[in-house]
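Per-entry structural report
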Amino acid sequence: FLSNHLGLSADVLAAEGDLDGAIALVRRVLEIQGGLAEEYPNRPEYRAVLASSHLDLAKMLLSANRPDEAEAEAIRSRDLDRALLDRFPDAPSY
């Protein structure tokens, strides 16, 4: 619940032009989601949301003219998605 709320707040900040604030919130979201993915390694949905949040951060970083950081986050998202597919090949939405 908290990570969803923070993610929505980050979207609002980004829409208002406060990219630094939005980026900070998404980084906090990643901490929470990363903890959930570690604590529950057999729950693919936590890993999927984590990968998606890394991509969200990449988009925000790109909007903030920070392409190197954006690329690193996009690669992290891709790698998490690939690992998810490898670990849960029969999960239909991953």
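All of the points below concern the structure found in this document. Keep in mind that what you see is a predicted model, and the values were worked out from it rather than measured.

Looking now at the packing of aromatic side chains. All chains considered together, the criterion is met by one aromatic pair. Relative to Tyr46, the ring of Tyr40 lies with its centre 5.7 Å away and its plane at 40 degrees, an arrangement referred to as tilted. Looking at Tyr40, the relative accessible area reads 34%, which means it is partly exposed. Its relative accessible area of 23% is what places Tyr46 among the partly exposed residues.

Moving on, we get to the packing of helix α1 (residues 2-15) against helix α2 (residues 19-39). Any two packed helices are characterised by how steeply their axes cross, that is the angle between the axes, and by the distance between the axes. Interhelical geometry of α1 versus α2 gives an angle of 165 degrees and a closest axis separation of 8 Å. Taken together, the axes of α1 and α2 are roughly antiparallel relative to one another. The handedness of the crossing between α1 and α2 comes out as left-handed. Residues Leu2, Ser3, Leu6, Gly7, Ser9, Ala10, Leu13 and Ala14 of α1 pack against Leu19, Gly21, Ala22, Leu25, Val26, Arg28, Val29, Ile32 and Gln33 of α2.

Parameters at a glance
Once a new chain begins, its residue numbering starts again from 1 and follows that chain's sequence as written. With pLDDT at 70 or above as the cut-off, local features in this predicted model cover only qualifying residues; side-chain atom pairs require 80 or more to be listed or tallied, and sums for whole chains, interfaces and linings still use all residues. Water and hydrogen atoms play no part in the side-chain values, which are based on all heavy atoms of the structure. Pairing of aromatic side chains here covers Phe, Tyr and the six-membered ring of Trp, requires ring centres within 6.5 Å, and sorts the geometry by plane angle: under 30 degrees stacked, over 60 edge-to-face, intermediate tilted. For each residue, the accessible area found with a 1.4 Å probe, counting protein chains only, is set against the maximum for its type, and the residue is called buried under 20%, exposed over 50%, and partly exposed in between. Note on definitions: angles span 0 to 180 degrees between N-to-C directions of axes, and those axes are lines fitted to C-alpha atoms, for helices only across the stretch in contact. Only DSSP runs of H or I reaching four residues or more are called helices, and only runs of E reaching two or more are called strands; each is numbered from the N terminus. Any angle from 65 to 115 degrees is called roughly perpendicular, while one under 35 is roughly parallel, one over 145 is roughly antiparallel, and all others are oblique. With the far helix as reference, a near helix turned anticlockwise by less than a right angle produces a left-handed crossing, and one turned clockwise produces a right-handed crossing. Any two residues whose heavy atoms approach within 4.5 Å at even a single point are treated as in contact.

Any link to function would need more than the numbers given here.
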